[in-house]
There are 2 protein chains.
Amino acid sequence: MLNQCPHSTVCLPATELPRVVVIGAGFAGIHFIKKLRGQPVQVVLLDKNNFHQFQPLLYQVAIAGLEPDSIVSPIRKLFQDYENLVYRMAEVERIEPETHRIFTNIGWVSYDYLVIATGSTTNFYGLHQVEENSAGLKDIRDALDIRSWVLQNLEAAAITCDQQGKDALTNFVIVGGGPAGVELAGALAEFKRYLLHKDYPEIATDWMKIYLVEAVDRLLPMMSSGASAHALKVLKKLSVEVQLNTAVKGYDGTTVTLGNGEDIQAKMLVWTAGVKGDAPKGMPEGAFVKGNRLKVDNYNRVVGYANIFAIGDVAAMVSEETPKGHPMLAQVAIQQGNLLAENLQQHVRTGVFEKTFSYRDKGSMATIGKRNAVAEIGKSRWKGWFAWLLWSTVHLFSIAGFRNKLMVGINWMLRYLKYEKANRLIIRKFKPISNKSFQSF
Amino acid sequence: MLNQCPHSTVCLPATELPRVVVIGAGFAGIHFIKKLRGQPVQVVLLDKNNFHQFQPLLYQVAIAGLEPDSIVSPIRKLFQDYENLVYRMAEVERIEPETHRIFTNIGWVSYDYLVIATGSTTNFYGLHQVEENSAGLKDIRDALDIRSWVLQNLEAAAITCDQQGKDALTNFVIVGGGPAGVELAGALAEFKRYLLHKDYPEIATDWMKIYLVEAVDRLLPMMSSGASAHALKVLKKLSVEVQLNTAVKGYDGTTVTLGNGEDIQAKMLVWTAGVKGDAPKGMPEGAFVKGNRLKVDNYNRVVGYANIFAIGDVAAMVSEETPKGHPMLAQVAIQQGNLLAENLQQHVRTGVFEKTFSYRDKGSMATIGKRNAVAEIGKSRWKGWFAWLLWSTVHLFSIAGFRNKLMVGINWMLRYLKYEKANRLIIRKFKPISNKSFQSF
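Residues numbered from 1 in each chain as written. Chains lettered and ligands numbered in written order. Predicted model: local features only at pLDDT ≥ 70, side-chain atom pairs only at ≥ 80, totals over all residues.

Some remarks on the overall build of chain A
(1) Moving on: Along its length, chain A carries 13 helices and 25 strands.
(2) Moving on: Relative to its length of 441 residues, chain A is compact, with a C-alpha radius of gyration of 23 Å against a globular reference of 22 Å.
(3) Moving on: Projected onto the principal axes, the alpha-carbon positions of chain A cover approximately 70 × 45 × 45 Å.
(4) Moving on: Expressed as a percentage of the 441 residues in chain A, the buried residues total 53%.
(5) Moving on: A separation threshold of at least 6 residues defines the contact pool for chain A, and within that pool the share at least 24 residues apart is 64%. (Helix = DSSP H or I, 4+ residues; strand = E, 2+ residues; numbered from the N terminus. Rg over C-alpha atoms; globule rule 2.2 N^0.38 Å. Buried ≥ 20, exposed ≤ 12 C-beta atoms within 10 Å, placed from the backbone. Contact = placed C-beta atoms within 7 Å.)

Examining the sheet that holds strand β14 (residues 248–251) of chain B
In a beta sheet, neighbouring strands pair by backbone hydrogen bonds and run either parallel or antiparallel.
Residue and element names in this part refer to chain B.
(1) Moving on: Ordered by their spatial adjacency, 3 strands build an open sheet running β14-β15-β16, and the pairing between neighbours is antiparallel. Because the sheet does not close on itself, it has two edges, and the strands there are β14 and β16 (263–265). The average undirected angle you get between the axes of adjacent strands in this sheet is 20 degrees.
(2) Moving on: For strand β15 (residues 255–258) and β16, the ladder comprises 3 bridges, and the chain directions are antiparallel. Counted as the bridge partner of Thr255 is Gln265 from β16. (Pairing = 2+ DSSP bridges. Axes fitted to C-alpha atoms, helices over the stretch in contact; angles between N-to-C directions.)

Some words on the pairing of strand β9 (residues 113–116) of chain A
Residue and element names in this part refer to chain A.
(1) Moving on: Judged by which residues are buried, β9 turns out to be covered on both faces: Tyr113 and Val115 on one side and Leu114 and Ile116 on the other are all buried.
(2) Moving on: Sheet analysis places strand β1 (residues 19–23) next to β9, joined by 4 bridges and oriented parallel. From the neighbouring strand, Val22 faces β9, where its bridge partner is Val115.
(3) Moving on: In this structure, β9 lies alongside strand β21 (residues 308–310), joined through 3 bridges in parallel fashion. Bridging from a neighbouring strand, Leu114 pairs with Ile308 of β21.

Some details on the packing of helix α1 (residues 27–35) of chain B against helix α10 (residues 330–350) of chain B
Residue and element names in this part refer to chain B.
(1) Moving on: One way to put it is that α1 packs onto α10 with a least axis distance of 7 Å and a crossing angle of 30 degrees. In terms of their interaxial angle, α1 and α10 are classed as roughly parallel. Judged by the twist between their axes, the crossing of α1 over α10 is right-handed. Residues Phe27, Ala28, Gly29, His31, Phe32 and Lys35 of α1 touch α10, and the partners they reach there are Ala330, Ala333, Ile334, Gln336, Gly337, Asn338, Leu340, Ala341 and Glu342.
(2) Moving on: The class makeup of the residues in the contact of α1 with α10 is 8 nonpolar, 5 polar and 2 charged. (Parallel < 35°, antiparallel > 145°, perpendicular 65-115°, else oblique. Left-handed = near helix turned anticlockwise from the far one by under 90°. Nonpolar A, V, L, I, M, F, W, Y, C, P; charged D, E, K, R; others polar.)

Some details on helix α1 (residues 27–35) of chain A
(1) Moving on: Within α1(A), 7 of the 9 residues are buried, which leaves it mostly tucked inside the rest of the structure.
(2) Moving on: If you check which residues of α1(A) are buried, you get Phe27(A), Ala28(A), Gly29(A), Ile30(A), His31(A), Phe32(A) and Ile33(A).

Quick notes on unusual backbone geometry
Most of the time, phi is negative for any residue but glycine, and the peptide bond is trans.
(1) Moving on: Notably, Ser239(A) is not glycine yet its phi reads approximately 65 degrees, a positive angle.
(2) Moving on: Note on placement: Ser239(A) falls in the loop between α9 (225–237) and β13 (240–243).
(3) Moving on: Assessed through the 14 C-beta atoms surrounding it within 10 Å, Ser239(A) is described here as partly exposed.
(4) Moving on: Positive phi outside glycine occurs at Tyr125(B), with the angle close to 50 degrees.

Some remarks on the sheet that holds strand β22 (residues 315–316) of chain B
Residues and elements named next belong to chain B.
(1) Moving on: Ordered by their spatial adjacency, 3 strands build an open sheet running β19-β20-β22, and the pairing between neighbours is mixed. In the strand order of this sheet, the two ends are held by β19 (288–289) and β22, each with one partner.
(2) Moving on: Across 2 bridges, the pairing between β19 and strand β20 (residues 293–295) is antiparallel. Bridge pairing links Val289 to Arg293 in β20.

Re helix α6 (residues 163–170) of chain A
(1) Moving on: Residues of α6(A) that are buried: Lys166(A), Ala168(A), Leu169(A) and Thr170(A).
(2) Moving on: Looking at the packing, one finds that the buried side of α6(A) touches α5 (140–158), β11 (171–175), β12 (209–213) and β16 (263–265) of chain A.

Comments concerning the pairing of strand β24 (residues 373–377) of chain B
Residue and element names in this part refer to chain B.
(1) Moving on: Within β24, 4 of the 5 residues are buried, leaving the element largely enclosed by the surrounding structure.
(2) Moving on: In the sheet, strand β23 (residues 364–367) pairs with β24 via 4 bridges, with the strands oriented antiparallel. Paired with Met365 across the bridge in β24 is Ala375.
(3) Moving on: In sequence, β24 turns back onto strand β25 (residues 380–384) through a hairpin of 2 residues, with Gly378 there showing a positive phi of about 60 degrees.

As for the environment of Leu78(B)
Residues and elements named next belong to chain B.
(1) Moving on: Residue position: Leu78 is located in helix α3 (residues 75–78).
(2) Moving on: When the C-alpha atoms of Leu78 and Lys34 are compared, they prove to be 9.3 Å apart, with 44 residues separating the residues in sequence.
(3) Moving on: Here Leu78 is in contact with Ile30, His52, Ser73 and Ala400, once residues within four sequence places are set aside.

Remarks on the confidence of the model for chain A
For any part of a model where pLDDT is low, the fine detail of the predicted coordinates should not be relied upon.
Residue and element names in this part refer to chain A.
(1) Moving on: Across chain A, the average pLDDT comes to 90, with 93% of residues at 70 or higher.
(2) Moving on: Within the model, the stretch residues 429–441 combines pLDDT values under 50 with 22 contacts to residues more than four positions away or in other chains.
(3) Moving on: Reported confidence for the predicted complex is 0.86 by ipTM and 0.90 by pTM. (pLDDT = per-residue confidence, 0-100.)

Considerations on the environment of Gly226(B)
(1) Moving on: As for its placement among the helices and strands, Gly226(B) is situated in helix α9 (residues 225–237).
(2) Moving on: Considering only alpha carbons, one finds Gly226(B) and Arg381(B), 155 residues apart in sequence, at a separation of 8.9 Å.

Digging into the environment of Thr255(B)
Residues and elements named next belong to chain B.
(1) Moving on: Looking at the secondary structure, you find Thr255 in strand β15.
(2) Moving on: Given 12 C-beta atoms within 10 Å, Thr255 falls into the exposed group.
(3) Moving on: Between the alpha carbons of Thr255 and Gly126 there is a distance of 18 Å; along the sequence they are 129 residues apart.
(4) Moving on: With residues up to four places along the chain from it excluded, the contact list for Thr255 reads Asp263 and Gln265.

Here is the structure:
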């Protein structure tokens, strides 16, 4: 499949087949592409990263529980032997729907069908000061930044003599009581309990404080109140300071200002309190709903366009049952990707779209510290050790590739048998935190 | 072991014991410290990284054969439960022998005994243009930079239409025919043979060219001529273009200028052609020999000082048998670290140094591509599959820690059974190459 240049400014193999351009190799994008294997279309995948990330386990990388390499899969490896697929590492700059073209940092590509699967990004709700001084937890670079940040603060605490400075370095604030926040807080609390005294004899265990701040009145608000209560109980037992009904107003890098007028001195803040659609530029304002998501119909067509689709987090299928669109979950993305691939095949053959999307809720789960989780599937609800086993099994099976499954499995086994984390490495030089410096890594 | 501050400007536990400060957690430093466990001295270890690196496997990280996390060990984990050890993450700025102090980016530390174990760094022999535009292969950041660089060049080649530009992107030049250069060239040739066509259908296998340039008349000059000939034969079979008796004069990022007047167009150059001592500032010029190494006596004392020692690559024990000091090898570093620890214990007790150093050569080995190596131990010489097995066993046993051994072992097994590399990830953003941008990661 050697290139025939120039076919468009981005070198692509010449073809008579309709070209489907997919932007984004997240859950939605890769499941869409898998279903199109061998079909009579040319699929062009654009992503700025050369890898797919298994987002549900980012928090374990952040807390040195897993190597980053175990939860990402190179795109070219995922799609080896897909003869109708072309991958291009490219950052999309804007879409030009009028001319059916996408402009990227490596040139433009024309499309017959366009699938926007760009996912979501951290939503700071306009709190610029917080954004400047905190980390999100949405991609592997965030996770590596957090890993280095935690460890560097502990190294600094080990040599800080004044108590106030030391306190700020050993206080860790996580904002947002959804799964990401709960899981990160639990993992950090485990680290504190089982590892801190071994690695840092200079730091007494109870100096380290983990705050989990949530604006509404319970943790895991998308789950049952029983799950919320269980998560709260377990985190409290792990000495996490959970503050419900509390908003974060500001953060200057040292002082976290809370809505209730109090503040917390902390040299680290991770923001997991919101996400928004991460749509590329060029789509008209009218195509968006609140949260920067593209409004789509039941076939995932972006309203107003016959050949532009959005799937996954970036899509909001607004209807009576889902007035705000579906929840921004991996399962929605996967199911939308699969269905759109089916519909598109049909459309290429017959010119019609056949099946409308309906979400099958496969349940939700979250781990809370070691060997503890909550899981809800249909009407079944579990908490504790069995939920944790379920969580582990489901996630292990969901990771792409035999090698990654094996590596993650072994890591978890070692951790289960013996509290032994993966490597606690500061490989990146951590500069005074600001999202700008993050992006430069 | 909580700090009693302020004891010196770098917070350290108060003690009556003599303080031994070690700079550098390489092979020499960690073996020295292990021997001092539980002895009546306070050991203070300073290193700018919070991890020890297993340098012999860096080339496998560079070529995506191993995860970086598998070949580095966090210092605090290595020395958990060493009650007489204090680790401080610090970059040494200079030594002040007159006042027995070390100045670092986090303050100063005073010492009773100072052990300089700072190892070596890439020696570009004054070729600034080469230094600006190429990568070394001396630490984990180098290895990760090379990994990203190789992959980014291939991504760029996949979309480059003019043949000349594509050639430069698929040409890889490695300078230096020692073990690092031979192993990297072999691994890159494996990648080309087994993986390139699967991952990059856009790039024909024979477009990719690997050049290994060596100034003297044979590869692996520290081994027998039989080993050199074997390495040359195997690399040629793997289509590596080996150029002996050829010096590199310059490299501007695109054109490699050779001593014989020819040039090679290549967008990547890795320089493994030389190392030099990486001594901290503050030692007088007279203490150094050629190659920036500290001249030491038979007890590893730096000449002119009673309480400053140098071990490993940074030390040159100049004698009749070793007019240039010992070779810069892990084995020398380990043996010097061990002996100095013994001598120092004796000195603390009795005030005398007892045993002079004599190097036991444990042989040398190098892998060349897949399942092939050369190994020479004493008068025994092996090449081919058995040497490779020996190499693998020795290296697997030498890696610190059960977890890393397991991870490396599994990776190798997977690779042995099936040509499947670890993850081919571009996690760092690769800027137009220059050593300055490297250091900012």
